[in-house]
Amino acid sequence: MTGISKRFGPVQALRDVGITVRAGTVHALVGENGAGKSTLMKILAGVYQPDTGAIEIGGREHCFASPAQALEAGISMIYQELDLAEHLTVAENIFLGAEPRGRLPFTVSHKHMAAQAAELAQRFSFDIDPAAKVEDLATGDCQIVEVLKALRHNASILVMDEPTSSLSEREAKRLFEVVRRLRREGLALVYISHRLEEIIDLADEVSVLRDGLLVHCEHAAKLDIPKIVHYMVGRELTDFFPTRTAQIGDGLVQVQGLSSEAGIRDISFEVRRGEIVGMAGLVGAGRTEVARAIFGVDKRTAGQVILDGRELNIGSPADAIASGIALLTEDRKRTGLCIELPCSWNITLPNLGHIGFKPFIKPSRESRIAEEAGSRMAVKWSSPQAPAGSLSGGNQQKLLIARWLLANSRFMIFDEPTRGIDVGAKTEVYGLLNKLAEEGKAILFISSELPELFGIADRILVMRRGQLVGNLVTKQTTPEEVMHLAAVAERTL
Amino acid sequence: MNKFVRQLLPFGTLTLLIVALSALEPDTFLTTQNFSNVLSRSSYSGIIAMGMTAVIISGGIDLSVGSMMALSGMIAGLVMTQHGSVIPTPGLMVLGTLVGMGMGLLCGLLNGSLITLLDLPPFIVTLGTMSAFRGISYVINKGMMFDVPTYTFLGEGKIADVPVNVLIFLIIVLAAFFLLRYTPLGRYTYAIGSNRQAAYHAGVNVKRNLIAVYAITGLFVGIAAMIATSRTVSAQPTAGISLELDVIAAVVIGGASLSGGRGTVIGTIIGTLLISFLRNGCTLLGISTNIQLVVIGAIIIGAVALDQAARAKAETA
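Calculation notes
Residues numbered from 1 in each chain as written. Chains lettered and ligands numbered in written order. Predicted model: local features only at pLDDT ≥ 70, side-chain atom pairs only at ≥ 80, totals over all residues. Heavy atoms only, no water. Helix = DSSP H or I, 4+ residues; strand = E, 2+ residues; numbered from the N terminus. Rg over C-alpha atoms; globule rule 2.2 N^0.38 Å. Contact = heavy atoms within 4.5 Å. Pairing = 2+ DSSP bridges. Axes fitted to C-alpha atoms, helices over the stretch in contact; angles between N-to-C directions. Polar contact = N/O pair within 3.5 Å; in protein donor to acceptor, adjacent residues only side chain to side chain. Patch = residues over 30% accessible without salt bridge, like charges linked within 9 Å, V, L, I, M, F, W, Y side chains within 5 Å. Areas by Shrake-Rupley, 256 points an atom, 1.4 Å probe, with all protein chains shown as cover. Salt bridge = Lys/Arg side-chain N within 4 Å of Asp/Glu carboxyl O. Buried < 20%, exposed > 50% of the residue type's maximum accessible area, 1.4 Å probe, protein only. Nonpolar A, V, L, I, M, F, W, Y, C, P; charged D, E, K, R; others polar. Buried area = accessible area lost by both parts, 1.4 Å probe. Core = buried A, V, L, I, M, F, W, Y, C linked by side-chain atoms within 4.5 Å. Domains from an automatic or database assignment. Phe/Tyr/Trp six-rings, centres within 6.5 Å; stacked < 30°, edge-to-face > 60°. Lys NZ or Arg CZ within 6 Å of the ring centre and 35° of its normal. Expected span 1.5 Å × (residues − 1). Left-handed = near helix turned anticlockwise from the far one by under 90°.

J.: In this structure, what is going on with the overall build of chain B? I would like to understand it.
T.: Of the regular secondary structure elements, chain B holds 13 helices and four strands. Since a compact globule built from 317 residues should have a radius of gyration of about 20 Å, the 20 Å found for chain B is in line with a globular shape. Viewed in the frame of its principal axes, chain B has a C-alpha envelope of about 65 × 55 × 35 Å. Considering only contacts in chain B between residues 6 or more positions apart, those separated by 24 or more positions represent 78%.

This is the structure we're talking about:
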């Protein structure tokens, strides 16, 4: 791939990126969340079309208008979220859309299908039962089904996006064997992972992406983990962060030994009045789950949350809001907005009680309140009655922030508040966080972008695999140390 | 502006229909008597449609309303006639009416509880209770009806020349309008239907709200059952068969979305009246009931298709 660029609205996702993947090698692609890895691979797989640049395979230039065309050219992709029909068998999944025909028209020959699937599995010596239903398989075996599916398409290039993120150690080891076998068979493999140990172990070459740019490409043998981390995070902290002016007071929130059904274990930390505590970690490290456990979405299995000296018994978000906790969720489409409802309704939704709208809503006052709340965040809307879905992404985010400002909570959790919004809006969000801290609120700020954590947070908590592995004072640590804790280190607390 | 036009569409169709019928059949259609009849006849399905509007806004469906109406009526008839042994006295009629309404409320509570506590799809739960309620209606008097010859007030009574059932319809309409528009319950119903997860994360007690919505619908069905019983001066176990489809059609023609989050009381009234006047017009013009079914079917599909087209245009604009 050469000179690939791609822009999504105001965001330049990729800038002139070129990588070369050789047959019979494993090429690792690393970078922070949002660095452009997935976008690059989706361009390779025909999901997106690049604005500029070219894809060349075996000396022939290609331009894929759809994933089907990429598949045709021998490119298969295995996504992090596996893409299998759960209720069908292994063989049926492998041959989905290309079932061997039976003797009668419109029929499928299950006999031939099973035989061909078994033959395929045997050729690559995978131990898997073609007649088993996918829903009965372990995640590791599902990966193998995906690999077989790709091989059935005669893939010459196989892209694997975070294949080990949901595997146990043992299953992961087995997958590495599979990857090595495929490499011996002469396939070109692209391997995306956050687990740097795996990369060093498995890859022949490593490409590092950062902010849509290819910053480094080298043989894996010449690299080590600290070097990779350095390339991943090594950027200048820009100056759009406000000067922190808040007075840090006494402890407002204590989280003690918190565990939840979602897999976080024994999380303890404190947030003081006026303090912004950042939370770093890789995707799947359990940061969002900490927020959900505090907010009463996931069931707590152990531990407690103490606010202002009082132990809270939170069983639902309604309890949490009533106790003075706010959560801006990371996924505004799924858990944030009601897109067909008016902006004003979205703002007042969790606030009907304390703005005096129980038992009755007063529509004209509601418009006024929404107008005020919206203008405080400078939300751009045609009117407060416009449906929330008519706003741009950044403005939707501001709308939700306006909602929680109106709630006037003492402890505010922001989960990825700057995801998918442009730089200008980001700066506004940072300024706002600072202002809220100034008002004496305690803030937990979850982010995947290290620069913004270092730019705004007083302390940084680091999560890894459901546990808290670091509690660092921002001024006394480095991005390298945080990334090292998040990606590699064993528990150090 | 677009939204306004969209809401005008069913209203325009209704006006057009009335004007056309007035021109075609001025002597029989355009009379107070006929209008009063049409309103009276649509009163009970209209009352149920008010509940159904809330259910559909919440993203659910209630298929059991027809059976529930039969069951509520039968229980009321059972009480009024003391199991078929007496002609209802005023005291028994009042008691029976209250019990019938209470039965509706109870059935609604059952629907809501099964849906939320067992976390089952509303379609499945109410498909089940639709069958069960009907079965119980038959069991109560071994498939026979209860005659209530003296129970005529709700069916034929008038206050200042307006049928009592039309007045009750009006009160229920106002109550539903107020509930959906001016109370947190109504607001939360829209939010749940629009995005249940988002509503939950904003502190809405989703389960309690849904139970309330189905319970209120049950109460409305109970009230409708009493009007239906009075109109036929008998409680019939076969009452309201396939009524749920008429009611759902009225709500959908009125612009509600079966995927939730959208719908209005005004729209549903227009939908209800559209169906009623269509039936009335066809009858006056001597068009067979069989053809009426075809016409109503076409209107449902046409209304939703037009609504969707207008919506798509609004979104790309």
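J.: Even after reading the chapter, I still don't get the sheet that holds strand β14 (residues 300-307) of chain A, so can you show me in this structure?
T.: Hydrogen bonds along the backbone pair up the strands of a sheet, which may run parallel or antiparallel. Residues and elements named next belong to chain A. A sheet is described by the order of its strands in space; here four strands give the open sequence β12-β11-β14-β15, paired in antiparallel fashion. Of all strands in the sheet, those with a lone pairing partner are β12 (267-272) and β15 (310-312), marking the two edges. Strand after strand, the sheet turns through a mean of 20° between neighbouring axes, direction not considered. As paired strands, strand β11 (residues 251-260) and β14 are joined by six bridges and run antiparallel to one another.

J.: It is not clear to me how the environment of Glu270 of chain A should be interpreted in this structure. Could you clarify?
T.: Residue and element names in this part refer to chain A. Within the secondary structure layout, Glu270 lies in strand β12. Expressed as a C-alpha distance, the spacing of Glu270 and Leu252, which sit 18 residues apart in the sequence, is 7.6 Å. Among residues more than four places away in sequence, those in contact with Glu270 are Gly251, Val253, Gln254, Glu275, Val277 and Arg459. Within the structure, the side chain of Glu270 is placed 2.8 Å from the side chain of Gln254, a separation counted as a polar contact.

J.: What exactly am I supposed to notice about a nonpolar patch on the surface here?
T.: Residues and elements named next belong to chain B. Together, Leu24, Leu285, Ile287 and Ile291 line one region of the surface with nonpolar side chains, adding up to about 330 Å² of accessible area. Along the chain, Leu285 falls in the loop between α12 (265-284) and α13 (289-316). Among the residues examined, Leu285 registers a relative accessible area of 35% and is labelled partly exposed.

J.: Just checking my understanding: could you explain the packing of helix α7 (residues 164-182) of chain B against α12 of chain B for this structure?
T.: Two measures define how a pair of helices packs: the angle their axes make with one another and the distance between the axes. Residues and elements named next belong to chain B. The N-to-C vectors of α7 and α12 enclose an angle of 145°; their axes lie 9 Å apart at closest approach. The residues of α12 that touch α7, namely those facing Val173, Ala176, Phe177 and Leu180, are Val265, Ile266 and Ile269. Looking at the contact of α7 with α12 residue by residue, the class counts come to seven nonpolar, no polar and no charged.

J.: Sorry, what's going on with the interface of chain A and chain B here?
T.: When the parts come together, some accessible area is lost, and that loss is often what is quoted as the size of the interface. The interface is formed by 33 residues belonging to chain A together with 22 residues belonging to chain B. For the pairing of chain A and chain B, the buried interface totals around 2100 Å² over both sides, and the portion due to carbon and sulfur atoms is 64%. Contact with chain B buries surface across chain A, with Trp345, Leu349 and Ile361 of chain A losing the most and accounting together for 25% of the total. In this structure, the connection of chain A to chain B is made through one salt bridge. Put simply, Glu366 of chain A and Arg187 of chain B hold a salt bridge, and the shortest N to O gap is 2.6 Å. Where chain A touches chain B, the interface holds six residue pairs in polar contact (both at pLDDT 80 or more). Broken down by secondary-structure element, the contributors of at least two residues to the side of chain A that touches chain B are α9 (287-295), α10 (317-323), α11 (332-336), α12 (343-348), α13 (363-376) and α14 (393-407) of chain A. Broken down by element, the residue count for the side of chain A that touches chain B peaks at four residues, all from α11 of chain A. Counted by class, the side of chain A that touches chain B contains 19 nonpolar, seven polar and seven charged residues.

J.: How should I be thinking about the pattern of salt bridges in this particular structure?
T.: Oppositely charged side chains can form a pair if their charged atoms are brought close together. Residues and elements named next belong to chain A. On inspection of all chains with the given rule, the structure shows 19 salt bridges over all chains. Here Arg287 makes a salt bridge to Glu416, at a shortest N to O gap of 3.8 Å. Residue Arg287 is located in helix α9, and its partner Glu416 is located in the loop between β17 (411-415) and α15 (423-438); the two are separated by 129 residues in the primary sequence. For the pair shown, Arg287 and Glu416 are each scored as buried. Linking Lys398 and Glu428 is a salt bridge whose minimum nitrogen-to-oxygen distance equals 3.3 Å. Taken together, the positions of Lys398 in helix α14 and Glu428 in helix α15 put the pair 30 residues apart, joining distant regions of the chain.

J.: When you look at the side chain of Asn280 of chain B in this model, what are you seeing that I'm missing?
T.: Along the chain, the position of Asn280 of chain B falls in helix α12. Contact partners of Asn280 of chain B, with chain neighbours within four places excluded, come to Phe29, Asn34 and Val38 of chain B.

J.: Would you take a moment to explain the nonpolar core for this structure?
T.: Nonpolar side chains in soluble globular proteins tend to end up buried together. Among the nonpolar cores identified, the biggest contains 227 residues, and Phe269, Ile294, Ile325 and Phe411 of chain A are the most heavily contacted of them. When residues of this core are assigned to their parent elements, the largest contribution, twelve residues, is made by helix α10 (residues 206-231) of chain B. Counting contributing residues, this core receives three or more from each of domain 1 (2-233) and domain 2 (251-487) of chain A. Once you skip the residues sitting within four places of it in the chain, Phe411 of chain A turns out to touch Val253, Val271, Ile294, Leu307, Gly324, Ile325, Ala326, Ala442 and Leu444 of chain A. Counting 25 residues, the second-largest nonpolar core is a separate cluster that includes Leu14, Ile19, Val159 and Ala188 of chain A.

J.: How should the domain arrangement of chain A be read in this particular structure?
T.: Residues and elements named next belong to chain A. The domains assigned to chain A are domain 1 (2-233) and domain 2 (251-487). Computed over C-alpha atoms only, the centres of domain 1 and domain 2 are separated by 35 Å. At the interface, 14 residues of domain 1 touch 15 residues of domain 2. Taken over both partners, the interface formed by domain 1 and domain 2 buries close to 1200 Å², and the fraction arising from carbon and sulfur atoms is 58%.

J.: Quick question: what am I supposed to make of the pairing of strand β9 (residues 205-210) of chain A here?
T.: For a regular strand, side chains alternate in direction, first toward one face of the sheet and then toward the other. Residues and elements named next belong to chain A. The element β9 is extensively covered by neighbouring structure, given that six of its six residues are classed as buried. A two-sided burial pattern is seen for β9, the buried positions comprising Glu205, Ser207 and Leu209 on one face and Val206, Val208 and Arg210 on the other. Note that strand β3 (residues 26-30) and β9 share four bridges and pair parallel. Paired with Ala28 across the two strands is Val206, which belongs to β9.

J.: I keep staring at the packing of aromatic side chains and nothing clicks. Help me out?
T.: The description of two aromatic rings rests on the distance between their centres and on the angle between their planes. With the rule as written, the count across this model stands at eight aromatic pairs over all chains. These aromatic residues form a ring-pair network of at least three members: Phe360 of chain A together with Phe178 and Tyr182 of chain B. Here the guanidinium or amino end of Arg187 of chain B rests over the ring plane of Trp345 of chain A, the centre of that ring lying 3.9 Å away.

J.: Help me out: how do you make sense of helix α6 (residues 169-184) of chain A in this one?
T.: All names here are of chain A. Counted at 1.5 Å a residue, the expected span for α6 with its 16 residues is 22 Å, and the 23 Å between its end C-alpha atoms agrees. The secondary structure elements touched by the buried residues of α6 are β3, α5 (139-152), β7 (157-161), β8 (188-192) and α7 (196-202). Trailing α6 by a residue or two, Gly186 shows a phi angle of about 95°, which is positive.

J.: I'm lost on the sheet that holds β3 of chain A in this one. Help?
T.: Residues and elements named next belong to chain A. In spatial order, the strands read β6-β7-β8-β3-β9-β10; together these six strands make up an open sheet with mixed pairing. Of all the strands in the sheet, the pair left with one neighbour each is β6 (75-78) and β10 (213-219). The sheet shows a mean angle of 20° between the axes of neighbouring strands, direction not considered. The sheet strands contacting α5 are β6 and β7, and the helix crosses β6 at an angle near 170°.

J.: Got a minute to help me understand helix α17 (residues 479-487) of chain A in this structure?
T.: For the α-helix, the turn length of 3.6 residues means that residues three or four positions removed from each other point alike. Val482, Met483, Leu485, Ala486 and Ala487 of chain A are the residues of α17 of chain A that are buried. For α17 of chain A, the elements touching its buried residues are α7, α8 (225-233), β13 (276-280), α16 (450-456), β19 (459-464) and β20 (467-473) of chain A.

J.: Help me out: how do you make sense of the packing of helix α4 (residues 90-117) of chain B against helix α5 (residues 122-140) of chain B in this one?
T.: Residues and elements named next belong to chain B. Where α4 meets α5, the closest approach of the two axes is 9 Å, and the angle between their N-to-C directions is 145°. The handedness of the crossing between α4 and α5 is right-handed. Contacts from Cys107, Leu110, Asn111, Leu114 and Ile115 of α4 reach α5 at Pro122, Val125, Thr126, Thr129 and Phe133. Grouping the amino acids of the contact of α4 with α5 by side-chain chemistry returns seven nonpolar, three polar and no charged.

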